[in-house]
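Close look at the chain arrangement
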Amino acid sequence: MTQPAPAPLAAVPPGANTFERLATGAGITSCSKALRTLGPVLTGPEGGYAVMLMANRVAPAASAFSASIEKTGPAGTTFVSAFFSPGLMGGCDVGYDTVSTWNKSCQDVALQDFRYAQPLNVIGRNISVLPYSPTHHVYLIRMPGGCISINKEMLYP
């Protein structure tokens with residue numbers, strides 16, 4: 001029994017960042033504009049991150065895919081989980097969560113790092129939410145000796 005030959009891989013765009021090169025190498029050709037514009041925002045500078053992709057092995061160019069990113073910066077290590085989904089009318093829907101730990105109270109994180117001056121809304125006893133917009137929230141989870149922040153945003157074309 002013969003199997004069809006794999007489709008040829010797309011050419012990597014000139015000036016592509018590591019994230020774009022990895023996606024193109026996996027056969028992902030959809031969402032290239034989103035990768036070009038949002039990739040550097042999600043990853044930070046070249047050399048300061050590592051990326052792992054999850055994509056449809058049969059039709060990577062026509063399916064949603066996700067990226068798990070470990071990035072380092074002045075505040076320490078941050079985990080980013082992002083998804084990219086080709087839209088029905090072209091474009092690409094994108095969503096991401098960044099998870100960071102802080103060695104200070106959630107109130108201080110809200111005031112100092114997210115510059116959020118309003119009183120914190122509380123979901124339950126331990127999680128507060130900073131509602132920046134209907135599609136962008138930051139969740140703050142109290143923990144002994146600090147705070148965990150989860151920055152969640154949905155972006156549409």
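Details of the structure are given in the entry above.
Here we summarise the structure given alongside this text. (Residues numbered from 1 in each chain as written. Predicted model: local features only at pLDDT ≥ 70, side-chain atom pairs only at ≥ 80, totals over all residues. Heavy atoms only, no water.)

The next subject is the pattern of salt bridges. Taken as a whole, this structure holds 3 salt bridges when the rule is applied. Where Arg-36 meets Glu-20, a salt bridge forms, and the shortest distance between an N and an O atom there is 2.9 Å. Highlighted residues: Arg-36 in helix α2 (residues 32-43) and Glu-20 in helix α1 (residues 18-25), separated in sequence by 16 residues. A residue is classified by how much of its surface remains accessible, and Glu-20, at 4% relative accessible area, is buried. Linking Lys-152 and Asp-97 is a salt bridge whose minimum nitrogen-to-oxygen distance equals 3.1 Å. Note that Lys-152 is positioned in strand β8 (residues 146-155) and Asp-97 in strand β4 (residues 92-102), a separation of 55 residues in sequence. (Salt bridge = Lys/Arg side-chain N within 4 Å of Asp/Glu carboxyl O. Helix = DSSP H or I, 4+ residues; strand = E, 2+ residues; numbered from the N terminus. Buried < 20%, exposed > 50% of the residue type's maximum accessible area, 1.4 Å probe, protein only.)

Time to look at the sheet that holds strand β3 (residues 76-86). Here 8 strands make up an open sheet; going across it, the order is β1-β2-β3-β4-β8-β7-β6-β5 and the pairing antiparallel. At either end of the open sheet lies a strand with only one pairing partner, and these are β1 (49-55) and β5 (121-122). Here β4 pairs with β8 via 9 bridges, running antiparallel. Residue Val-94 lies in a different strand from β8, and its bridge partner there is Leu-155. With respect to the sheet, α2 is in contact with β1, β2 (65-73), β3, β4 and β8, its orientation differing from that of β2 by roughly 40 degrees. Together, β4, β6 (127-133), β7 (136-143) and β8 form the strand contacts of helix α3 (residues 106-113), whose direction differs from that of β7 by roughly 145 degrees. (Pairing = 2+ DSSP bridges. Contact = heavy atoms within 4.5 Å. Axes fitted to C-alpha atoms, helices over the stretch in contact; angles between N-to-C directions.)

Moving on, we come to α2. Counted at 1.5 Å a residue, the expected span for α2 with its 12 residues is 16 Å, and the 15 Å between its end C-alpha atoms agrees. Within the sequence span of α2, burial applies to Ala-34, Leu-35, Gly-39, Leu-42 and Thr-43. Viewed along the axis of α2, the buried residues span an arc of 110 degrees, placing them on a single side of the element. For α2, exposure combined with an orientation more than 90 degrees from the buried face picks out Lys-33 and Val-41. Each element contacted by the buried residues of α2 is listed here: α1, β1, β2, β3 and β4. Once α2 ends, the next one or two residues include Gly-44, with phi positive near 85 degrees. (Expected span 1.5 Å × (residues − 1). Arc of directions from axis to C-beta.)

As a further point, take the packing of aromatic side chains. Under the counting rule described, the total for this entry stands at 4 aromatic pairs. Between the aromatic rings of Phe-65 and Phe-84, the centroid separation amounts to 5.0 Å while the plane-to-plane angle is 10 degrees, which identifies the pairing as stacked. On the criterion of sequence distance, the pair formed by Phe-65 in strand β2 and Phe-84 in strand β3 is long-range, its members being 19 residues apart. For Phe-65, a relative accessible area of 2% corresponds to the buried category. What makes Phe-84 buried here is its relative accessible area of 0%. Between Tyr-116 and Tyr-132 the ring centres are 5.8 Å apart and the planes differ by 80 degrees, which places this aromatic pair in the edge-to-face class. On the criterion of sequence distance, the pair formed by Tyr-116 in the loop between α3 and β5 and Tyr-132 in strand β6 is long-range, its members being 16 residues apart. On the accessibility criterion, Tyr-116 (7% relative accessible area) is buried. Members of the aromatic cluster, each reached through a chain of ring pairs, are Phe-19, Phe-65 and Phe-84. (Phe/Tyr/Trp six-rings, centres within 6.5 Å; stacked < 30°, edge-to-face > 60°.)

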